[in-house]
Amino acid sequence: MRSTVGTPIVIAIDGPSGSGKSSTSRGVATALGYDYLDTGAMYRAMTWALLQRGIDVTDAAKVAEEATSISIVSGVDPQEPTITVDGTDVSGPIRTDEVTAAVSPVSAVARVRELLVQAQRQAIGFSTSAGRGIVVEGRDIGTVVAPDAPLKVYLVADPAARAARRAAELGGADATATQESLARRDQIDSTRAASPLTQADDAVVVDGTHLTLDEVIEHIVGLARDAS
Ligand SMILES: Nc1ncnc2c1ncn2[C@@H]1O[C@H](COP(=O)(O)OP(=O)(O)O)[C@@H](O)[C@H]1O
Ligand SMILES: Nc1ccn([C@H]2C[C@H](O)[C@@H](COP(=O)(O)OP(=O)(O)O)O2)c(=O)n1
């Protein structure tokens, strides 16, 4: 169901892995009739392309050099998010364990961030200049990509809840191993030099540990109504 709000706005949703950003952002965008941008999918797509080309993702100089020739295009329909690399649909392949294990070092490379942040700002500009709102989710949206966003949410959930949900999503993967993998990624994503995962000073913290997905969506739609 769509809710009416005032002026369409940019909504930034950041937070650690598995906190519910994608599902919440898609739900909020759908409820408000907004566009949706999954920036994590862009870092994953870049990683997939580098692995396809046989690049050692721990070689930052090589990653920086190669990244400039990789073209990533994201669709912004929250009901049917798409992502292509050089024209190939990679929505499925970017979710493999191989990509998940390699994405943090790739997203720590400053040149990669420069290229993707530029593309993300373009996508935001495209939506807003057409008079549409957009929900953008990632790690540095409220701090770097869209620091002027009228609504910034920092979405968190307990590590055990995040791991259990992600393991279930992956078809019953081992919850302990999933929790370790999430913790490893959080550690790299929060301590890297380039745009680490941090809460913007003016972000509203939403803890989804004890809320259903619908409750989290409803809460953020309410915040959007107040902000627009
Ligand atoms: N509040 C919630 N309650 C229950 N499950 C949730 C909630 N939020 C998200 N999920 C589920 O948790 C899993 C991870 O969510 P996802 O949106 O992919 O997180 P992120 O984008 O932060 O990695 C998904 O299977 C999603 O459906
Ligand atoms: N704005 C962003 C979005 C994601 N990243 C990086 C950090 C994450 O480990 C990877 C993958 O992000 P993604 O949101 O797909 O991760 P999860 O869905 O939480 O598993 O990309 C980033 O550095 N900056």
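Residues numbered from 1 in each chain as written. Chains lettered and ligands numbered in written order. Predicted model: local features only at pLDDT ≥ 70, side-chain atom pairs only at ≥ 80, totals over all residues.

(A) Region of the structure containing the UniProt feature "binding site: ATP" (unreviewed entry) in the chain. Residues given the UniProt feature "binding site: ATP" (unreviewed entry) here are G15, P16, S17, G18, S19, G20, K21, S22 and S23. Taking the number of C-beta atoms within 10 Å as the measure of exposure, G15 has 26 and is therefore buried. Sequence-distant contacts of G15, defined by excluding residues within four places in its chain, comprise K21, Y154, L155 and V156. Relative to the helices and strands, P16 resides in the loop between β1 (10–14) and α1 (21–32). (UniProt positions renumbered as here; feature names shortened; annotations may be inferred. Buried ≥ 20, exposed ≤ 12 C-beta atoms within 10 Å, placed from the backbone. Contact = placed C-beta atoms within 7 Å. Helix = DSSP H or I, 4+ residues; strand = E, 2+ residues; numbered from the N terminus.)

(B) Local environment of the site of ligand 1. Close to ligand 1 lie 17 residues; G20, K21, S22, R165 and E169 are nearest. For the shell around ligand 1, the secondary-structure elements that each account for two or more residues are α1, α7 (159–169) and α9 (213–227). It is α1 that provides the largest number of residues to the shell around ligand 1, a total of four residues. (Near = placed C-beta within 6 Å.)

(C) Molecular detail of the nonpolar core. With 55 residues, the main nonpolar core has M46, V106 and V136 as its most contacted residues. Among the elements that make up this core, the one with the highest residue count is helix α2 (residues 39–52) (eight residues). Apart from the residues lying within four places of it in its own chain, the contact partners of V136 are V10, A12, L37, T39, Q120, I124, I141, V145 and A146. (Core = buried A, V, L, I, M, F, W, Y, C linked by C-beta atoms within 7 Å.)

(D) View of the site of ligand 2. Looking at ligand 2, there are 16 residues lining it, with S17, G40, Y43, S107 and G138 nearest. Mapped onto the shell around ligand 2, the elements with two or more residues apiece are α2, α4 (97–107) and α8 (175–191). Element by element, the count of residues in the shell around ligand 2 is highest for α2, at five residues. Here the shell around ligand 2 is composed, by residue class, of three nonpolar, eight polar and five charged. (Nonpolar A, V, L, I, M, F, W, Y, C, P; charged D, E, K, R; others polar.)

(E) Quick look at the UniProt feature "domain: Cytidylate kinase" (unreviewed entry) in the chain. Under the local residue numbering, the UniProt record ascribes the feature "domain: Cytidylate kinase" (unreviewed entry) to residues 11–224. Within the segment residues 11–224, helix and strand shares are 51% and 14% respectively, and the terminal C-alpha atoms sit 8 Å apart.

(F) Examining α1 more closely. The end-to-end C-alpha distance of α1, which contains twelve residues, comes to 16 Å, matching closely the 16 Å that a straight helix rising 1.5 Å per residue would cover. Taking burial as the measure, the twelve residues of α1 include nine buried ones, the bulk of the element. Residues of α1 that are buried include every one of K21, T24, S25, R26, G27, V28, A29, A31 and L32, and no others. Considering only its buried residues, α1 is in contact with β1, β2 (35–38), β6 (134–138), β7 (151–156) and α9. (Expected span 1.5 Å × (residues − 1).)

(G) Spatial organisation of the pairing of β2. Alternating residues of β2 divide into D35 and L37 and Y36 and D38, and every residue in both groups is buried. Here four bridges tie β2 to β6, and the two strands are oriented parallel to one another. Paired with D35 across the strands is I134, a residue of β6. (Pairing = 2+ DSSP bridges.)

(H) Just the sheet that holds strand β5 (residues 88–89), in detail. Strand order in the open sheet formed by three strands is β3-β4-β5, with antiparallel pairing between adjacent strands. Lying at the two open borders of the sheet, with one neighbouring strand each, are β3 (72–74) and β5. Pairing of β3 with strand β4 (residues 83–85), which is carried by three bridges, proceeds in the antiparallel orientation. The partner of V73 across the bridge, within β4, is T84.

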